[in-house]
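Structural features, examined
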Amino acid sequence: MKRSILLLLLLSAVLYQSCIKKDFDAPPDTSYYNPDIPVNMTIKTLFSDSLGLIESYADNPVDTASILEDYTISGIVTANDRSGNLYKQIVIDDSSAGITVLIDANGLYAQYPVGRRIYIHLKGLYIGYYRGLPQLGYVPDAQLGLTGIPATRLDDHIIKGSVNNALPIFEVEASEVGYKGTSVSANPDYFNRLVRINNMRFIDTANTYSEPNTSTSRDVLSCNGFTVIARTSNFANFAANKLPYKIGSITGIYTVFYSGARATPQLVIRDSSDVQFTMDNCEGSGPVAGVLLTQDFGAATSGVINLAGWTNWGTADGVKFKYGNGGGASNKPYAQVTAFQSNLSNVNSWLVTPAINLTDAQNPKLTFSTAAGYSVGGTEFKVMVSTNYTAGADPATADWTELTATMATPPNSGYSDFIGSGNIDLSSFAGQQVFIAWKYVNGNSNPAETWELDDIMVTKSN
Amino acid sequence: MYLCTRFEKKYTPYHNIMILKLRWSLLLLILSALSVQAQDKGQALVKGRLLNTATNEIANEVLVAIPAQKRLVTTDGVGEFIFSQVPYGSYQLVIGGGMMRSDTMRIDINSEVVDLGVLNVSPNDAATSAQSVDIPTIALEDNNVNTDDEGVSTQNVSGLLTASNDPFLRTAAFVFGPYRFQPRGYDRNSQEIQINGAPMNDVETGDAYWNQWGGLNDVFRARSNTYGLQPSDYAFGGLNGTVNFDADAASQRKQTRITYSLTNRQYRNRLMLTHSTGLMKNGWAFSLSGSKRWSEEGYVDGTFYDGYSFYAAASKVINGKHGLHLTAFGAPTRRGNSGPVIKEVYDLAGTNFYNPYWGYQNGEKRNSRVRNSFQPAFIFNYEYTPTQRTRWNTAFTYQFGKDKRSRIDYYNGANPAPDYYRYLPSWMNEIYNFDPLLAQQESANIQNAWRTNPSVSQVNWDGLYNANYNNIETLRNINGNPNDSFTGRRSIYILSDDVDDIKKYVVNSTLQHAAGEHATFYTGASLILQRTESYREASDLLGGDYFINSNQFAEREYPGNVTTGQQDLNTPNRLIQTGDRYYYNYISRFNKALWWGQAVLTYNKFDLFGAVSFGFNSFTREGLFRSGLYENSSYGESPRQNFSIYALKGGITYKVSGRHYLFVNGSINQDAPTFDNTFVSPRTRNQTVTKPTEQKSSTLEAGYLLHAPRVNGRLVGYVTDIKDAAEIKRFYSDDSRFESFVNYALTGVNSRFTGIEFALDVKLSSAFNLIGVAAVGQAFYTNRPTVGIYRDNDTNITPVSREVYLKNYYMSVGPQSAYSLGLNYRSKKFWYANLNANYFDRNYIEAAPDRRTELASFGIERNSPQWHQVFDQEKLPSAFTLDLYFGKSFMLSQYSKLFPRSAFLYVNIGVNNLLNNTEIRTGGFEQLRYDYNRPNAFPSKYFYGLGRNYFVNVSLKF
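Residues numbered from 1 in each chain as written. Chains lettered and ligands numbered in written order. Predicted model: local features only at pLDDT ≥ 70, side-chain atom pairs only at ≥ 80, totals over all residues. Heavy atoms only, no water.

Further remarks concern the overall build of chain A. Scanning chain A from N- to C-terminus turns up five helices and 30 strands. Whereas a compact globule of 462 residues would reach a radius of gyration of roughly 23 Å, chain A reaches 30 Å, over 25% beyond that. With the C-alpha coordinates of chain A rotated into their principal frame, the extents come out at 95 × 90 × 40 Å. Here chain A holds 462 residues, and the buried ones make up 52% of them. Here the contacts in chain A between residues at least 6 apart in sequence split such that 73% fall between residues at least 24 apart. For chain A, the exposed area adds up to about 20,100 Å²; of that, 48% sits on carbon and sulfur atoms. Each charge sign in chain A was given a centre, from 30 positive and 41 negative side chains, and these centres are 7 Å apart. (Helix = DSSP H or I, 4+ residues; strand = E, 2+ residues; numbered from the N terminus. Rg over C-alpha atoms; globule rule 2.2 N^0.38 Å. Buried < 20%, exposed > 50% of the residue type's maximum accessible area, 1.4 Å probe, protein only. Contact = heavy atoms within 4.5 Å. Areas by Shrake-Rupley, 256 points an atom, 1.4 Å probe, with all protein chains shown as cover. Lys, Arg positive; Asp, Glu negative; His and termini not counted. Charge placed at Lys NZ, Arg CZ, Asp CG, Glu CD.)

Below is the structure:
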């Protein structure tokens, strides 16, 4: 027994002293450390005639140049590949100018978060233009386009500095950077810079940021009628989001795309939060140019809808259009109509807009979105237009024309997502005054489908 | 020759544990003899005399036992021994122990007096403890199954062989074993492993995980082997036979043992302490054992080992008929792994022992692939021996615990693996194909970085932490609650554990009855219930605050869809913190029941046996996550998958004479497919392959055995056909139809295993033996299996069906030709030395199915160089090695009177690969990912065998 105890003691002694460490210290967080690297070059100078490295794009669209001197630039990261709208690129701004840096690697946002200062040793790198946009990268490929800096060379060329630096954002007027009619030029002062433009709205609010299979350009129109393009990659994680309706500010990297001698200004937004369209009207006074009517039913989350100028017509309050906030896909208030549990048969409910004046309207369009639930058949939901309706009257007294729109498909159980109607062309009513109505018809009281309506917008292009 | 090994309970010195048990039985026996008992007809007197061959002197005080009868005697002053009243029958006689080498022989008792004459014994080469116990066990522990990124089982060494005195099996175990030799090419799961009669094979894979009792060598020494189709006393057996460990307390000899081992393999140091009481007069026996195996770094860079083992057992024997045994053991072990890479990477690293899994963190080596397992087992046995002819053993087992395998996981980040193909010179050639000079320059830059910068050539932990530090993001709508959000550092990279948490209940009962002098009957039944919870959990957020439970591949596949990317719709947008489960989470439940029966008949000229087993195996999957991709097939319990299993085998041995034996055995069987090969993607859904089918096999083995005084040998031929096997491979498919991860379900796979095993052990003199062993086989596919390709990140669950042209490709089962020539020297002065020269050849790498399809051959001219490049199977270079073993035992009482007579010191030294050949590729596989346009884009990966490696073992026993 003594022997066993001795052994046990010996065992525990050995076990103890030969313990192998299990936990590792976290490495230091170097995010706020800024190396003191001397900077001897600016982006603006790099591309200037004085340095003579590279001719201007106008003189030589395919010019690239190798940098053989020990130049170092330093800038703040203003955009990266976090959302996927940029791919193998980051954009930096050194307060003289901005530049797109091509890097042959994924997940750059982990190393180069927006707001980080970085230092770039330029010797051995290349500068050039892509469709007029200044870029920094690596050896040109066979088509003379710059390649990305190889991932295996990154640490030689790009030194990381502190994070959370203030971003150089340029508040610009749409007139400075946009165009009217057909674009012919862009403003080179803002190439590769982070700009913010106020009082903007999307035209195609029935659409998503990008089509599923290709990068997509969407027009963004200012209250005073200037257009810039929002260019979005189909790989961006917000590509399938619906374009927001309403008005507000848009922030993004200002870029250019030359096609021949014709330049198109393109805004590359970094994330959908770069689009803050929260206002119903332009700043200052008066309705937004081009917007004839908007309604997102944000006034309340319950109760019967009662909006100035609108007609909410139904045989009883219970089957009129009501405010709803069922959470779900839209997660914001909307209009809802149903005969479910009303104990009424032959329900015939209408929600009619105020009069909309299409005088002088070019390309007038209607968009809205719908969702529906509990398919039973026998329920009808339609969008109609009338030119001889009187506000507040029984809709049955007027003539109505049905409009063709994409409507939600109610599932057998639960609700569908909200889907866009598509652009509904109202140009055949141009020059007239119209009313638009959503009509819900249900023969039986129970069961009945429930329909939801949201984000109504009537626009014109002038 | 099954009769020689059938009762192969080796009473080698470390096995004579049993003998103590027997000593006590003997006492009982004498007592019972005193009571009135009629002299049975059919009982015999057995006698003989022992001679020490080393000294030509009589051998006194040597133990002689008939284990089946639990009878034990010691030779007297003139070396004689006598057993009386031995019932007629066929028995194993075990001679030796202590200073004498133990030997086992079969005796047939069929007359009243059996005089065995003079039997030779030789001094004990105690050192076989190093060879026969330690080395194979280490090989087994080293070769735990691992799954690589590409879904290939990277370590497929069979763990089947254990020590045996058969020259073929011994050589296959510790000479061929380290070079990935697999006996006959069979799977790991083809050997049935029991501990105290409790089945230990995993119910899910059929494999036995020897690491569960790793480091307990002292108490897991007594074992009985059968090989091939030979009948076993314990179970029906697999194609590769059975191993049963006698690891109860009563089976441990009375001793205290301290062992220290020094090695340069997986671990550096091992310390083992064991104390056993043996069976005491009061009928109790207790045994305790503990060990620690450790190293800061093993043979391969960045690996470490931190293993403890515990064992505690108690036995109570009541009036010789009832034995109650409680045995508990476990081996909590953490170890850092290494992994295979492609040749380009080995060249870049400048060593064949490059390990991509580690990197420096704050200047210390940290391994990202750590295996951490602790699955202790508790076995309760009731052993009932009503008569000497009948033995009934029932084992109840409870086993539980976790097996964790860590890895770096990441969401929307750059691949952190240093050997990722886009970080290599070959990729530079690809992207700079327009400028060869530039490609060369970039390659040189990478080569230079690999030589000088470990943050390039290894995992860059500091970089991963800093990526996480900088990534401030807001997680919204947490758990589906619109008002709940969290802003913090969203980890891009984390360390995660793939966890299997098991609870297993087993009842196994075996009845053995010797009916008369010729026949022994066996029957047994077992019931296995196992519940395994499998999930991935976040184990280290690497400096971040949270991780997200999203499938980035599904998000990419369905942009804008907020549900498909969710891994668990029941708690969408979950904030994952350390210890939280994510990605997958499911329970598998197994019910398996089996009955078997066996008859063994022994006659003068013929031995016959026949055995049958049947039962069922069934399992279900219960998903605990509702995946966004498979909303309706991921959550909840799947339909039960039922499979019937059966097996039949039989054989006959013709004894030409006492020296020459001819035998032929055959078997057929049907077994259930495994869980992982039934469910298309168990991690994500309940979907099964189109028609899960039982696998069938048939085997024939025949041979000649020679047992002459100076020559022992065997020549055995075998053939096994396996039909309807299933295998699912999981990898990224570059097929333009998928371009995503796929589950590549091969079904109806047929294969053949055939070959010859040869061994010859010639006694050159009393000190020298020459042993030649050869194993030459062929394991190959015999048909073109069908594959069903199931997308893994797509709601479309209909498979695409193709034919895979695998016929006549070799299976990757280690060297299919292995030869060894050994010279053994045994000194009279209790030391020995063995030198083995070995040669391995015909080791084929695993053929990837996707490059054996019609699609892969598109546009390639038949028999053109390109054709051969794509379709030929690579044979690894042959290898030559030398191994040296040395051992000596010291009887300490000869050196000092302070020591009792039972005190021994054993020293064993083994050096493998004496010539330090570091170029031995022991295995490899074609990467499953295959680019049809660039056949060499994803080259094969290889494993290398260790260079010169040693094992020094010092053991003190008293």
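Anyway, onward from the coordinates.
Moving on to the sheet that holds strand 11 (residues 223–226) of chain B. In spatial order, the strands read 10-9-12-11 (chain B); together these four strands make up an open sheet with mixed pairing. Of all the strands in the sheet, the pair left with one neighbour each is strand 10 (198–199) and strand 11 of chain B. (Pairing = 2+ DSSP bridges.)

Where charged atoms from two side chains of opposite charge approach closely, those side chains can pair. All names here are of chain B. Going through the model one piece at a time under the given rule, you end up with 47 salt bridges over all chains. The closest approach of N and O atoms between Glu 430 and Arg 934, which form a salt bridge, is 3.1 Å. Remark: Arg 934 occurs in the loop between strand 47 (921–925) and strand 48 (941–944) and Glu 430 occurs in helix 6 (residues 425–431); sequence separation between them is 504 residues. Overall, Glu 430 belongs to the partly exposed group, its relative accessible area being 31%. Look at the salt bridges and you will find they share partners, linking Arg 184, Glu 701, Arg 714 and Glu 757 into a network. (Salt bridge = Lys/Arg side-chain N within 4 Å of Asp/Glu carboxyl O.)

This paragraph deals with the nonpolar core. A:Ile92, A:Ile120, A:Leu122 and A:Leu136 are the most contacted members of the largest nonpolar core, which totals 58 residues. If you look at the next biggest cluster of nonpolar residues, it comprises 37 residues, including A:Phe297, A:Leu307, A:Val337 and A:Trp451. (Core = buried A, V, L, I, M, F, W, Y, C linked by side-chain atoms within 4.5 Å.)

The subject of this paragraph is the packing of aromatic side chains. Residues and elements named next belong to chain B. The full count for this structure, using the stated rule, is 79 aromatic pairs over all chains. Considering the side-chain rings of Tyr 398 and Phe 400, the 5.6 Å spacing of their centres and the 20 degrees angle between planes classify their relative orientation as stacked. With relative accessibility at 27%, the residue Tyr 398 sits in the partly exposed group. Owing to a relative accessible area of 30%, Phe 400 belongs among the partly exposed residues under this scheme. Relative to Phe 643, the ring of Phe 619 lies with its centre 5.6 Å away and its plane at 35 degrees, an arrangement referred to as tilted. Note that Phe 619 is positioned in strand 32 (residues 606–623) and Phe 643 in strand 34 (residues 641–655), a separation of 24 residues in sequence. (Phe/Tyr/Trp six-rings, centres within 6.5 Å; stacked < 30°, edge-to-face > 60°.)

Residues and elements named next belong to chain B. The strand order 19-48-47 describes an open sheet built from three strands, whose pairing is antiparallel. Each of the sheet's edge strands pairs with one partner strand only, and the pair in question is strand 19 (341–342) and strand 47. Sheet topology note: the strand 19/strand 48 ladder contains two bridges and is antiparallel. When the bridges of strand 48 are listed, Val 341 appears paired with Tyr 942.

We now examine helix 4 (residues 167–176) of chain B. Since the α-helix packs 3.6 residues into each turn, any two residues three or four apart lie on the same face. With 10 of 10 residues buried, helix 4 of chain B is to be regarded as a mostly interior element. Of all the residues in helix 4 of chain B, the buried ones are B:Pro167, B:Phe168, B:Leu169, B:Arg170, B:Thr171, B:Ala172, B:Ala173, B:Phe174, B:Val175 and B:Phe176.

Bringing the pairing of strand 13 (residues 255–263) of chain B into the picture now. Residue and element names in this part refer to chain B. For strand 13 and strand 14 (residues 269–276), the ladder comprises eight bridges, and the chain directions are antiparallel. Across the sheet, Leu 262 pairs through a bridge with Asn 269, a residue of strand 14. Two successive antiparallel strands, strand 13 and strand 14, enclose a turn made up of five residues. Note: strand 13 against strand 49 (residues 949–957), seven bridges, orientation antiparallel. By the bridge assignment, Tyr 260 is partnered in strand 49 with Val 954.

Residue and element names in this part refer to chain B. In the predicted model, chain B carries a mean pLDDT of 85, and 89% of its residues have values of at least 70. For chain B, per-element mean pLDDT is lowest for helix 1 (residues 2–5), which scores 33, and highest for strand 30 (residues 575–576), which scores 96. Segment residues 1–41 is flagged for pLDDT under 50; beyond a separation of four residues in sequence, or across chains, it makes 110 contacts in the model. Segment residues 124–163: pLDDT under 50, and 150 contacts once partners within four positions in sequence are set aside and those in other chains are kept. Of the two predicted TM-score estimates for the complex, the pTM is 0.79 and the ipTM is 0.74. (pLDDT = per-residue confidence, 0-100.)

So, on to the side chain of B:Asn445. Structurally, B:Asn445 can be placed in helix 7 (residues 436–452). Among the residues examined, B:Asn445 registers a relative accessible area of 14% and is labelled buried. Other than its neighbours up to four places away in sequence, B:Asn445 contacts A:Thr152, A:Arg153 and A:Asp156.

Here the focus is helix 7 of chain B. Residue and element names in this part refer to chain B. Compared with an ideal rise of 1.5 Å per residue, which puts 17 residues at 24 Å, helix 7 spans 24 Å between its outermost C-alpha atoms and is within 8% of the ideal. When we look at burial in helix 7, the residues that qualify are Leu 438, Ala 439, Glu 442, Ser 443, Asn 445, Ile 446, Ala 449 and Trp 450. All buried residues of helix 7 project into a common sector of 155 degrees when viewed along the axis, lining one side. Seen from the open side of helix 7, the exposed residues pointing more than 90 degrees away from its buried face are Pro 436, Leu 437, Gln 440, Arg 451 and Thr 452. (Expected span 1.5 Å × (residues − 1). Arc of directions from axis to C-beta.)

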